Amino acid sequence: MTVESVRTFFAARQLAIPIIELDTSTATVALAAEAHGVEPGRIAKTLSFRLTDDRVILLVAKGDARVDNRKFKEQFGKGRMLAAEDVQAITGHPVGGVCPFGLATPLPVYVDVSLQAYDEVLPAAGGVHTAVRIAPAELVRITEAQWVDVCQADAP
């Protein structure tokens, strides 16, 4: 049903964004990049964090980016990734299919500036075999997200 929640989210906003459904798993960045024939950075991974004040946030970042702990702490305070069982309960999406669309619980969404390196990225679409192709700015717009800079800079 989680892919259906993404379809409902798009329909409610009159967005004609096709959901790509594959026979192969796209549950990890490496699998998704291979399945879609793109570099790992174009996979927009959605990470779920619980902050020390008990808020849960979603962070969408470049697939091969790593969170910079110092930058994260400066932006949000301390936080830790959600346990797998909490991810599905809170977002409505399984680990490997988490995306900022069609969430079971309204959550603040933050998009790392690392995604600005691309004209199009591929976040999951509520399932471990699904994705959408979307411009990072459109992703921010339709999820009412905020841009943040919390990932490590690419090595030169």
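A brief look at the structure comes next. Here the structure is a predicted model, which means the values were calculated and not measured. (Residues numbered from 1 in each chain as written. Predicted model: local features only at pLDDT ≥ 70, side-chain atom pairs only at ≥ 80, totals over all residues. Heavy atoms only, no water.)

Side note on helix α2 (residues 29–36)
Buried within α2 we find Val 29, Ala 32, Ala 33 and His 36. Seen end-on, α2 carries its buried residues on one side only, within an arc spanning 100°. Every exposed residue of α2 that faces more than 90 degrees away from the buried side is listed here: Ala 30 and Glu 34. Elements that come into contact with the buried residues of α2 comprise β1 (20–21), β2 (43–51), β6 (122–123) and β7 (130–131). Remark: Gly 37 follows α2 within two positions and exhibits a positive phi of approximately 65°. (Buried < 20%, exposed > 50% of the residue type's maximum accessible area, 1.4 Å probe, protein only. Helix = DSSP H or I, 4+ residues; strand = E, 2+ residues; numbered from the N terminus. Arc of directions from axis to C-beta. Contact = heavy atoms within 4.5 Å.)

Describing the nonpolar core
Across soluble globular proteins, nonpolar side chains show a tendency to be buried alongside one another. Phe 10, Phe 101, Val 111, Val 132 and Ile 142 are the most contacted members of the largest nonpolar core, which has 31 residues in total. Within the residue set of this core, elements represented by two or more residues are α1 (2–12), β3 (56–62), α4 (84–91), β5 (109–112) and α5 (136–143). Of the residues forming this core, the biggest block, four residues, is contributed by α1. Apart from the residues within four sequence positions on either side, Val 132 is in contact with Phe 10, Ile 17, Pro 18, Ile 19, Phe 101, Val 121, Leu 122, Pro 123 and Ala 125. Leu 47, Leu 51, Ile 57 and Val 150 belong to the second-largest nonpolar core, a separate cluster that totals ten residues. (Core = buried A, V, L, I, M, F, W, Y, C linked by side-chain atoms within 4.5 Å.)

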